[in-house]
Amino acid sequence: MDDKIITSVSEEELVSGAVFNDDVVLNDEMIAELSFGLGDDEPEEVASSGESEEEDIALGAARYTNSSLVSYTRLSPNNSGQRTHSIDRITPHCVVGQCSVETLGSIFAPRSRQASSNYGIGPDGRVGMYVEEKNRSWCSSSSANDQRAITIECASDTKPPYAFRDNVYKRLIDLCVDICRRNGKKKLLWLGSKEKTLAYSPKSDEMVLTAHKWFADTACPGSWMYSREADLAKQVTARLGGSSSSTTTKPSTSTSFKVGDVVKITGSKYYDGKTTVPSWVKNKQWIVYSVSGSRVVLNRSTDGKSTIMSPFNASSLSKVSAAPTTKKKSNTQIAQEVIDGKWGNGETRKKRLTAAGYDYKTIQSIVNKLLS
Ligand SMILES: [Zn+2]
């Protein structure tokens, strides 16, 4: 955010400037109407990516999700609707004020403000959302940047170097990890300069950090944050399991999975090495169905809603939780537990049995036998 934006907000505006009452819940139709007709008055920067915009739009908004770290939502009318470029940048900003997520929501609520961000982090570390990830926020004084970036306003001191509190910075790391994961990115990169960054075409699993001050006459994100961009990239990449340096220990692969483990998909291809894994599959966690050398077959999703029965190379999987190491009970024992009501009913029973590595149908047929 720009210094001018915040210093121009009067107490009165914070109280009365809101277009909406906090009690009003915006539905999609209302939001669409709000966005309609709003112009784009920001300077256009020449896009550096050769990616086809049409193809990108054709993929639709369906793949976009929002962060589950959000604890406060107040959608701002100040956005351009759906992005025309997939997400491959993150732009942290400094608010130039220790603004709560609610105050930031009030600042972004009036159309006259002509400013917004996708997310905000308050001084208490809570995360607010003002523009959904699928939509382009008005934050970095660059259409080309905001079309592809997730913008995050972070509570900061009001004076240079506009330092963030510890918990705000920690939360920023959490949020970046979450954004990268949901958008299929394994690395967050800091390339060190505007020139290098704008000339760089990120690979499909790479997210790149950008800075507001590259696009406008502003100090944002402040020298405190700017000097930590490299650290942010390193910490986020380490948590994503990417190889950011030579010191990372290589996880053992082929033999490290067993039936019943819960895993997530870190690679982009199926076992054949050709077919691309769709994002909805990547976004779920899966239960290992069978293992043969480096070939790992996944079947059920942990949410119990999907079945894929697809093979993956062990190197493109990472373990979320191991199957229970305690010796598995016999099917008959489990069937008795089902009768005793220990596994719940209906779908819940099905999910829990599957997640625990038991075959629902087998157990159910034993239950039926015992009861007949
Ligand atoms: Zn900014």
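One structure accompanies this document, and this report is about it.

**Section: the pairing of strand E7 (residues 149-154)**
Remember that side chains alternate between the two faces of the sheet whenever the strand is regular. With 6 of 6 residues buried, E7 is to be regarded as a mostly interior element. In E7, alternate side chains face the same way, and those of Ala149, Thr151 and Glu153 on one face and Ile150, Ile152 and Cys154 on the other are all buried. As paired strands, strand E3 (residues 89-94) and E7 are joined by 6 bridges and run parallel to one another. Within E7, the residue paired with Cys94 across the bridge is Cys154. Judged from the 3 bridges that link them, strand E4 (residues 119-121) and E7 form a sheet pairing that is parallel. Residue Tyr119 lies in a different strand from E7, and its bridge partner there is Ile152.

**Looking at the nonpolar core**
Ile90, Ile121, Cys154 and Leu188 are the most contacted members of the largest nonpolar core, which totals 46 residues. At 7 residues, the largest contribution of residues to this core is made by helix H7 (residues 166-182). Those residues within four positions of Ile121 in sequence are excluded, and the remaining contacts are Val127, Ile152, Cys154, Ala155, Val168, Arg171, Leu172 and Leu175. Within the second largest apolar cluster, 11 residues are counted, among which are Val263, Ile287, Val296 and Ala314.

**So, the sheet that holds strand E11 (residues 285-292)**
Ordered in space as E13-E12-E11-E10-E14, the 5 strands form an open sheet in which the pairing is antiparallel. This sheet does not close on itself; its edge strands, each paired only once, are strand E13 (307-313) and strand E14 (317-321). Neighbouring strand axes in the sheet, compared pairwise and without regard to direction, differ in orientation by 45° on average. In this sheet, strand E12 (residues 295-301) lies alongside E11 in antiparallel orientation, the contact comprising 5 bridges. The residue of E12 that forms the bridge with Ser290 is Val297.

**Let's talk about the sheet that holds E4**
Across the sheet, 7 strands lie side by side as E1-E5-E4-E7-E3-E9-E8; this open sheet has mixed pairing. Each end of this open sheet is capped by a strand with a single partner; those strands are strand E1 (70-73) and strand E8 (187-189). The sheet shows a mean angle of 30° between the axes of neighbouring strands, direction not considered. The sheet contact formed by E3 and strand E9 (residues 206-209) spans 2 bridges and is parallel. The residue bridging Arg89 from the neighbouring strand is Val208, located in E9. Each of E1, E4, strand E5 (127-129) and E7 touches helix H5 (residues 101-108); the most contacted strand, E5, lies at about 20° to it.

**Considerations on the packing of H7 against helix H10 (residues 229-239)**
Angle between the axes and distance between the axes are the two parameters that describe a pair of packed helices. In contact at an axis separation of 9 Å, H7 and H10 are set at 55° when each is read in the N-to-C sense. Between H7 and H10, the angle is such that the two are oblique. Read as a crossing pair, H7 and H10 show a hand that is right-handed. Seen from H7, the contacting residues are Leu172, Ile173, Cys176, Val177 and Cys180; seen from H10, they are Leu232, Gln235, Val236 and Arg239. Residues of the contact of H7 with H10, tallied by class, amount to 7 nonpolar, 1 polar and 1 charged.

**Comments concerning the pairing of E9**
Here E8 runs beside E9; their pairing, made up of 3 bridges, is parallel. Looking at E9, one finds that Lys187 is bridged to Glu206. After leaving E8, the chain enters helix H8 (residues 194-199) and then returns to the sheet as E9, a path that is right-handed.

**So, H10**
Taken residue by residue, H10 has Ala233, Val236 and Thr237 as its buried positions. Down the axis of H10, the buried side of the element spans an arc of 100°, and every buried residue falls inside it. Tucked into the core, H10 has its buried residues touching H7, E8 and E9.

Conventions used here
Residues numbered from 1 in each chain as written. Predicted model: local features only at pLDDT ≥ 70, side-chain atom pairs only at ≥ 80, totals over all residues. Buried ≥ 20, exposed ≤ 12 C-beta atoms within 10 Å, placed from the backbone. Helix = DSSP H or I, 4+ residues; strand = E, 2+ residues; numbered from the N terminus. Pairing = 2+ DSSP bridges. Core = buried A, V, L, I, M, F, W, Y, C linked by C-beta atoms within 7 Å. Contact = placed C-beta atoms within 7 Å. Axes fitted to C-alpha atoms, helices over the stretch in contact; angles between N-to-C directions. Parallel < 35°, antiparallel > 145°, perpendicular 65-115°, else oblique. Left-handed = near helix turned anticlockwise from the far one by under 90°. Nonpolar A, V, L, I, M, F, W, Y, C, P; charged D, E, K, R; others polar. Right-handed = clockwise from strand over helix to strand, strands pointing away. Arc of directions from axis to C-beta.

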